[in-house]
Amino acid sequence: MKIVSYNVNGIKARLPRLIEYLAEQQPQIVCLQELKTTDETFPITEIRDAGYGAVWHGQKGFNGVAVLAKGVEPVERQRGLAGESEDDHSRYLEADVDGLIVASIYLPNGNPLPGPKFDYKLRWIERLTTRARDLLGEERAVVLAGDYNVIPNDDDTFSVRVMASDALMQPESRSGFRALVAQGWTDALRTRHPKGGVWTFWDYQAGAWQRDAGFRIDHLLLSPIAADRLVDAGVDKEYRGREKASDHAPTWARLR
C-alpha cells in the first residue's frame, strides 16, 4: 500500500501532473494539500475518471486539503481541528480508508516572524498535537501525512545558514514537531533515510531545483500499528522536474 503526501500548489494548475502521477504510480492513497480551490470547483470528475474516490475540504485561493483513495470512497471522519472556533482555514481533513485512518495536513507556514502568523503556526501545532494524542488512543493504524512546514533537523535542508531566520526552522517550530513525534509517532522518511539529505521541496526562485537547493517539510507520521507495517519510504523526486510541476515532490510511505 503506497500512501502519498502531495502538496500540489493549486490543483487546477497542476491537474495534468496529478492525473499523470496517479496513472503512472497507482498509489492506493494520496493526501493532497494547497488545493487553492473551493469545494464546488474541486475537480472530482477528473479524479473519479482516474479511478479514485475522494473527500476534500477546499478554500478559495489558498489552503485546501483532500484525501484520494484508489477504487474506494474515503469516509470522512473530521475536518478542521478543535481549539479555535474562529479559525476558518482549510488545513486538516481526516478520513477512514478500508480501516486505515489517514489525515491530510497543511500546517501554517508562519512567516514573517515574529508576528501573528508565527503565533498561529505554533498554536496550530499544539492543536494538531492534541488531536494526534486522541488518535493514538484509538490504537489503530493511523497516518498523518502532509506539508508540515517544519524542517526538523539541520540535515533536512541544503543550507542551515540560508534557512536560519525562516519560520520553518525556528526552535519553537522544531520543538513543536518533536513533541508531536515524541507521543509515539514514527517519521517514515527519517526512519528509512536516517542520515538526512532527502528533500521534498524546491523553491521556484533562484534556480533552487537546478541547484538541488531543497529541504524536507513533507512528512508522514505513523502510529505504532502503522509503523509495524512500514516497508519503505521515499520521494518521487523526478516529478518536481516536469513541466509546470508543483514546487513539492510526492512523498510516500509503503505499508504492508
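Residues numbered from 1 in each chain as written. Predicted model: local features only at pLDDT ≥ 70, side-chain atom pairs only at ≥ 80, totals over all residues. Heavy atoms only, no water.

**Focus on the overall build of the protein chain**
Phase 1: Along its length, the protein chain carries eight helices and 14 strands.
Phase 2: The C-alpha atoms of the protein chain give a radius of gyration of 17 Å, which matches the 18 Å a tight globule of 256 residues would have.
Phase 3: Overall size of the protein chain, expressed as C-alpha extent along the three principal axes, is 45 × 45 × 40 Å.
Phase 4: Of all 256 residues assigned to the protein chain, the portion counted as buried reaches 57%.
Phase 5: Taking contacts inside the protein chain between residues at least 6 apart in sequence as the whole, the part at least 24 apart equals 69%.
Phase 6: For the protein chain, the exposed area adds up to about 10,600 Å²; of that, 50% sits on carbon and sulfur atoms. (Helix = DSSP H or I, 4+ residues; strand = E, 2+ residues; numbered from the N terminus. Rg over C-alpha atoms; globule rule 2.2 N^0.38 Å. Buried < 20%, exposed > 50% of the residue type's maximum accessible area, 1.4 Å probe, protein only. Contact = heavy atoms within 4.5 Å. Areas by Shrake-Rupley, 256 points an atom, 1.4 Å probe, with all protein chains shown as cover.)

**Brief notes about the sheet that holds strand 6 (residues 92-97)**
To summarise the sheet geometry, strands pair through backbone hydrogen bonds and adopt either a parallel or an antiparallel arrangement.
Phase 1: With mixed pairing, six strands are arranged side by side in an open sheet as 5-6-7-8-12-9. Strand pairing shows two members of the sheet lacking a second neighbour, strand 5 (75-79) and strand 9 (186-187), which therefore form its edges.
Phase 2: Here four bridges tie strand 5 to strand 6, and the two strands are oriented antiparallel to one another. Bridge assignment links Arg 79 to a residue of strand 6, and that residue is Leu 93.
Phase 3: Those strands touched by helix 3 (residues 116-137) are strand 5, strand 6, strand 7 (100-106) and strand 8 (142-147), and its axis lies near 20° from that of strand 6. (Pairing = 2+ DSSP bridges. Axes fitted to C-alpha atoms, helices over the stretch in contact; angles between N-to-C directions.)

**Thoughts on the pairing of strand 7**
Phase 1: In terms of burial, strand 7 is largely enclosed, as seven of its seven residues are buried.
Phase 2: Judged by which residues are buried, strand 7 turns out to be covered on both faces: Leu 100, Val 102, Ser 104 and Tyr 106 on one side and Ile 101, Ala 103 and Ile 105 on the other are all buried.
Phase 3: Pairing of strand 6 with strand 7 involves six bridges; the strand directions are antiparallel. For Ala 95, the partnering residue across the bridge sits in strand 7 and is Val 102.
Phase 4: Connecting strand 6 to the antiparallel partner strand 7 that follows it, the hairpin turn spans two residues, and Asp 98 within it adopts a positive phi of roughly 50°.
Phase 5: Alignment of strand 7 against strand 8, held across six bridges, turns out to be parallel. Along strand 8, the bridge assignment pairs Tyr 106 with Asp 147.

**Looking at the packing of helix 3 against helix 5 (residues 171-181)**
Phase 1: Between helix 3 and helix 5, the shortest axis-to-axis distance is 10 Å and the interhelical angle comes to 5°. As summarised for this structure, helix 3 and helix 5 are arranged roughly parallel, according to the angle between their axes. Each of Phe 118, Lys 121, Leu 122, Ile 125, Leu 128, Thr 129 and Ala 132 in helix 3 lies in contact with helix 5, whose residues at this interface are Glu 172, Ser 173, Gly 176, Phe 177 and Leu 180.
Phase 2: For the contact of helix 3 with helix 5, a count of residues per class yields seven nonpolar, three polar and two charged. (Parallel < 35°, antiparallel > 145°, perpendicular 65-115°, else oblique. Nonpolar A, V, L, I, M, F, W, Y, C, P; charged D, E, K, R; others polar.)

**What about the pairing of strand 14 (residues 251-255)?**
Each regular strand displays side chains that alternate between the two surfaces of the sheet.
Phase 1: Of all five residues that make up strand 14, four are buried, and the element is covered over most of its length.
Phase 2: Direction of pairing for strand 1 (residues 2-7) relative to strand 14: antiparallel, over a ladder of four bridges. Note that in strand 14 the partner of Ser 5 across the bridge is Thr 251.
Phase 3: For strand 13 (residues 230-235) and strand 14, the ladder comprises five bridges, and the chain directions are antiparallel. Within the sheet, the bridge partner assigned to Val 235 lies in strand 14 and is Thr 251.

**Regarding helix 3**
Phase 1: Taking 1.5 Å of rise per residue, 22 residues should cover 32 Å, and helix 3 covers 32 Å from first to last C-alpha, within 8% of that figure.
Phase 2: Residues of helix 3 that are buried make contact with strand 5, strand 6, strand 7, strand 8, helix 5 and helix 8 (224-227).
Phase 3: Phi turns positive, to about 55°, at Glu 139, one or two residues after helix 3. (Expected span 1.5 Å × (residues − 1).)

**A closer look at helix 1 (residues 11-25)**
Phase 1: Its 15 residues give helix 1 an end-to-end C-alpha distance of only 18 Å, which falls more than 12% under 21 Å, the value for a rise of 1.5 Å per residue.
Phase 2: Taking the largest bend as the criterion, helix 1 deviates by roughly 35°, centred on Arg 17.
Phase 3: When we look at burial in helix 1, the residues that qualify are Ile 11, Arg 14, Leu 15, Arg 17, Leu 18, Tyr 21 and Leu 22.
Phase 4: Two residues or fewer past helix 1, Gln 26 is found with a positive phi of approximately 50°. (Bend = angle between axes of the 7 residues up to and from the residue.)

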